[in-house]
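# Examining the three-dimensional arrangement
Residue strings, one per chain:
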Amino acid sequence: MDVSYLLDDLNDAQREAVSAPACNQLILAGAGSGKTRVLVHRIAWLIQVEHVSPHSIMSVTFTNKAAREMRGRLEDLLDGNLLDSNLVGNSRSMWVGTFHGIAHRLLKAHWKILNLPQNFQILDSDDQLRLVKRVCQTLKLDETKWPPRQAQSYINSQKDEGQRPQYIQAGGDPYAVTMLQIYTAYEEICRSGGLVDFGELLLRAHELLLNNPDILQHYQRRFPFILVDEFQDTNTIQYAWLRVLAGNTGCVTAVGDDDQSIYGWRGAKIENIQRFTDDFKQSQTVRLEQNYRSTGLILKAANGVIQNNFGRLGKELRTDAGDGEPLSLYAAFNEHDEARFIVESIQQWVKEGNRYDSIAILYRSNAQSRVLEEALLRENIAYRIYGGQRFYDRLEIKNALSYLRLLVNNNDDTAFERVINTPTRGIGGKTVEQIRLFARQEGCSLWDSAQRMVDEKILTPRASGAVNVFLQLIRQLQVQTLESSLDEQADKVIKQSGLYEFHKNEKGEKGQARAENLEELVNACRAFNPNDLATQTDQEQQEDAPLLVQFLDSASLDAGEGQADEFDDAVQLMTLHSAKGLEFSRVFMAGVEENLFPHRMSADDPERLEEERRLCYVGITRAMVKLTISYAETRRMHGTENFNRVSRFVKEIPSDCISEVRLKTQIQRPLGYNKQSYKKPSNASLQEKGEDSGYYLGQKVTHAMFGDGAITHFEGQENNMRVQVNFVNEGSKWLVLQYANLQAL
DNA sequence: CCAGGACACGTTTTT
DNA sequence: CGTGTCCTGG
């Protein structure tokens, strides 16, 4: 059998990883080093050379997008080259999915032993927050003192750490005591209502294996080969689950990059990748350091920055490509100047024959996008913002899905509450509260409670009528869509419930957009094919659930990225976090200033600072051809002017990689402009400070080394006072007044 | 029900 | 400054 296609076109390190005889393997894959390719070829190698049945392989990712890509590329590779068609068919029996998707599947298969209802509901973070709010109300907690959001994140981080409430020691700490109280009550509601949040999926999947030796043994035999992508992003419970599942016999291939670990703040443990070789015995480590994405100078800059981190597993990117253009650094006066500069550079780049969609503008925080958008809008440049609200999280979509969920299961209280008065049908909060109360008394669902309150005439005639209309509507839809296809079903539901009209009539462009999204949902239903799911169905599952149920489950676990509106040729705007995994010919990193990047909140904790540095490394390595870094000397944040210095990360870039962009015209900042922006500073006026010093804004001065210039900013007081001077020949500089020895002109 | 005002808040985000 | 949330009065 000719398997050369599996190793052709790979470099030495890649070949070593693909053909490794070792059981456990850690693949440290630098940015742009062909990671997915290696992973896919490794799986194909196992199947074709090691004769591992696809049935025995599990491949785990973090996002559905990654899972889909993995399966797609694997099928492409195998379809073209596998002669044994039996194996091709079998490749579908491999499990490829997200941690959550696979956990969900385990819970679905073993619902009985887990004491879950067969049709347990998945709570997304929105549902979860509503529930936490209700718990706080029930416990009569002051919402201002104990914000439900905080409680929610407490619960989630406890679950990420594998902590059940009964094992948490609150001690005498009133914060911990209250949080624990909420957690405990929340969990009780979830248990009795058959509700499972995202963290619970992982926690239950872990407990399932831990507490049931026979089930564990079954899966250990079934999956002797496990591959995990983005291993540096695993959290405590995911790592624990993997260790249990692998046991002493399973072979784990972990692919990741400790230098790209940027999700510590949501529970990811970089330690997991660092301790892999200790916990998974006799593993071999392969480093993929050859980069196929960026020019030499971009990589040199990236390496220069990341080498300032301690405790790295060690890796240095290299390329056969030439140096390329140096990085550019632009010191803007303020965020508007920065945006203007970026837009002009974009226009220039496009004039040189490049497309808009080869460009990305990356920033640390979402708030930065507004000014950039305005500048793009002014010049009529199409742009797309990544990572806004996700499709299945949108209000109108959640409403539509709630109707569908009610059709499947009348007793779905979360869905019931959501749509009983959406669109408005005269059922107010008081009526709903009564229904809720009665349900609690009788220990029944909201649906049953509502039905009985109508039947037994407990409600006022008016409320009763309205509630009955709602109950009838749902029943009617149930009957009418019995024979319908999924998309017909969705279409009928959104139209006949009045949801479509309701959203369409919302004022402004919002109505239009929401109506379009609802139509898009129908399209998504039409396109839905359970076989496309990254997690496949197989014989172990007793019987296939109805299509609608499968669709709803997949909607709960998938952001629905495909449904986002995409422009053809647009500049891409996104945070540095959402840029991970992507690449662009031309990258702008904006707002690279102290206090913004690294963010103020991370600056004094060394570990968090290192994570910021990794984020910077991620940003730099997105660029293929040209990287431009910019920062603003003045930036308006939260309504006040901030004077930030260039980020320490810029100083970590070797100086021969980067060239500073000079202003095209000197005295770019007309003094009137500056004065204007200083008209309304609050009491501690900067102008006053300036006057204290004997200098004034706009003052022409001369400096022994830098020549002539004009004062544009003041900062600090007395001995620490610094002034910013825009020099005719040297550009703008901050100087400590005490030492600068300026001469007034 | 909804418009409008007071008020709080202000990294990063997937499932 | 800007946005989102909550509350109130019509």
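Predicted, not measured: the structure shown is a model, and the values here were computed from it.

### Let's talk about the confidence of the model for chain A
Across chain A, pLDDT averages 87, with 90% of residues at or above 70. Within chain A, no element has a lower average pLDDT than helix α29 (residues 671-677), which sits at 33, and none a higher one than strand β13 (residues 584-589), at 98. In this model residues 534-540 is a low-confidence stretch, pLDDT under 50, and it forms 25 contacts with partners more than four residues away in sequence or in other chains.

### Brief notes about the protein's contact with DNA strand B
Around DNA strand B, 27 residues are found, and the nearest of them are Arg364, Asn366, Arg390, Thr575 and Arg608. Here the atoms of DNA strand B within 4 Å of the protein split so that 49% fall in sugar or phosphate, with bases taking the remainder. Here Arg364 contributes a side-chain N or O atom positioned 2.6 Å from a base oxygen of DNA strand B. Here His599 contributes a side-chain N or O atom positioned 3.5 Å from a sugar or linking oxygen of DNA strand B. Residue assignment for the surface near DNA strand B shows that the elements contributing at least two residues are α26 (576-579) and α27 (606-620). Taken together, the residues of the surface near DNA strand B break down into six nonpolar, 15 polar and six charged.

### Section: the state of the cysteines
Under the defined criterion, the tally for this structure stands at one disulfide. Of the cysteine sulfurs around Cys136, a residue in no disulfide, the closest is that of Cys190, at 13 Å. Residue Cys136 is classed as buried on the basis of its relative accessible area of 1%.

### Overview of the pairing of strand β8 (residues 284-288)
What you see with β8 is a clean split: Gln284, Val286 and Leu288 sit on the buried side and Thr285 and Arg287 on the side with no burial. Examined bridge by bridge, strand β1 (residues 25-29) and β8 share five bridges and lie parallel to one another. Each bridged residue has a counterpart across the sheet, and for Gln25 the counterpart in β8 is Gln284.

### A few points about the packing of aromatic side chains
Here the structure, examined in full by the defined rule, presents 18 aromatic pairs. A centroid spacing of 5.5 Å and a plane angle of 80° characterise the contact between Phe416 and Phe470, whose relative ring orientation is edge-to-face. Of this pair, Phe416 sits in helix α18 (residues 413-419) while Phe470 sits in helix α21 (residues 461-480), and the two are 54 residues apart along the sequence. There is no split in this pair, since Phe416 and Phe470 are both buried. These aromatic residues form a ring-pair network of at least three members: Phe231, Tyr239, Phe276 and Phe280. A cation over an aromatic ring shows up here: Arg384 above the ring of Tyr386, its NZ or CZ 4.3 Å from the ring centre. The ring centre of Tyr500 lies 5.1 Å from the NZ or CZ of Lys495, which sits over that ring.

### Let's talk about the packing of helix α5 (residues 99-109) against helix α11 (residues 236-246)
One can describe the packing of α5 onto α11 by two numbers: an axis separation of 12 Å at closest approach and a directional angle of 55°. Classified by the angle their axes make, α5 and α11 are oblique. For the crossing formed where α5 meets α11, the hand is left-handed. In contact with Phe99, His100, Ile102 and Leu106 of α5, α11 contributes Gln238, Trp241 and Leu242. Of the residues contributing to the contact of α5 with α11, the split by class is five nonpolar, two polar and no charged.

### Looking at the side chain of Asn399
With respect to the secondary-structure elements, Asn399 resides in helix α17 (residues 395-408). By relative accessible area, which is 4% here, Asn399 ends up buried.

### Remarks on the sheet that holds strand β3 (residues 95-98)
The sheet built from six strands is open, its strands ordered β3-β2-β6-β7-β1-β8 with parallel pairing. Each of the sheet's edge strands pairs with one partner strand only, and the pair in question is β3 and β8. Each strand of the sheet is rotated relative to its neighbour by a mean of 15°, with strand direction disregarded. Pairing between β1 and strand β7 (residues 251-256): four bridges, direction parallel. Opposite Gln25, over in β7, you have Thr253 as the bridge partner. Most of the contacts of α5 go to β3, to which it runs at about 115°, and overall it touches β2 (57-61), β3 and β6 (225-228).

### A look at the pattern of salt bridges
Tallied over the full model, the rule gives 53 salt bridges. Note that Arg312 is salt-bridged to Asp259, the shortest N-O span being 2.8 Å. With Arg312 in the loop between α14 (296-306) and β9 (327-334) and Asp259 in the loop between β7 and α12 (270-274), the pair connects residues that are 53 residues apart, well separated along the chain. With a relative accessible area of 2%, Asp259 lands in the buried category. A salt bridge links Glu456 to Arg452, with the nearest nitrogen and oxygen atoms 3.2 Å apart. When salt bridges that share partners are traced, they join Lys159, Arg164, Glu187, Asp197, Glu200, Arg204 and Glu207 into one network.

Reading the values: rules and limits
Residues numbered from 1 in each chain as written. Chains lettered and ligands numbered in written order. Predicted model: local features only at pLDDT ≥ 70, side-chain atom pairs only at ≥ 80, totals over all residues. Heavy atoms only, no water. pLDDT = per-residue confidence, 0-100. Helix = DSSP H or I, 4+ residues; strand = E, 2+ residues; numbered from the N terminus. Contact = heavy atoms within 4.5 Å. Near = heavy atom within 4 Å. Polar contact = N/O pair within 3.5 Å; in protein donor to acceptor, adjacent residues only side chain to side chain. Nonpolar A, V, L, I, M, F, W, Y, C, P; charged D, E, K, R; others polar. Disulfide = S-S within 2.5 Å. Buried < 20%, exposed > 50% of the residue type's maximum accessible area, 1.4 Å probe, protein only. Pairing = 2+ DSSP bridges. Phe/Tyr/Trp six-rings, centres within 6.5 Å; stacked < 30°, edge-to-face > 60°. Lys NZ or Arg CZ within 6 Å of the ring centre and 35° of its normal. Axes fitted to C-alpha atoms, helices over the stretch in contact; angles between N-to-C directions. Parallel < 35°, antiparallel > 145°, perpendicular 65-115°, else oblique. Left-handed = near helix turned anticlockwise from the far one by under 90°. Salt bridge = Lys/Arg side-chain N within 4 Å of Asp/Glu carboxyl O.

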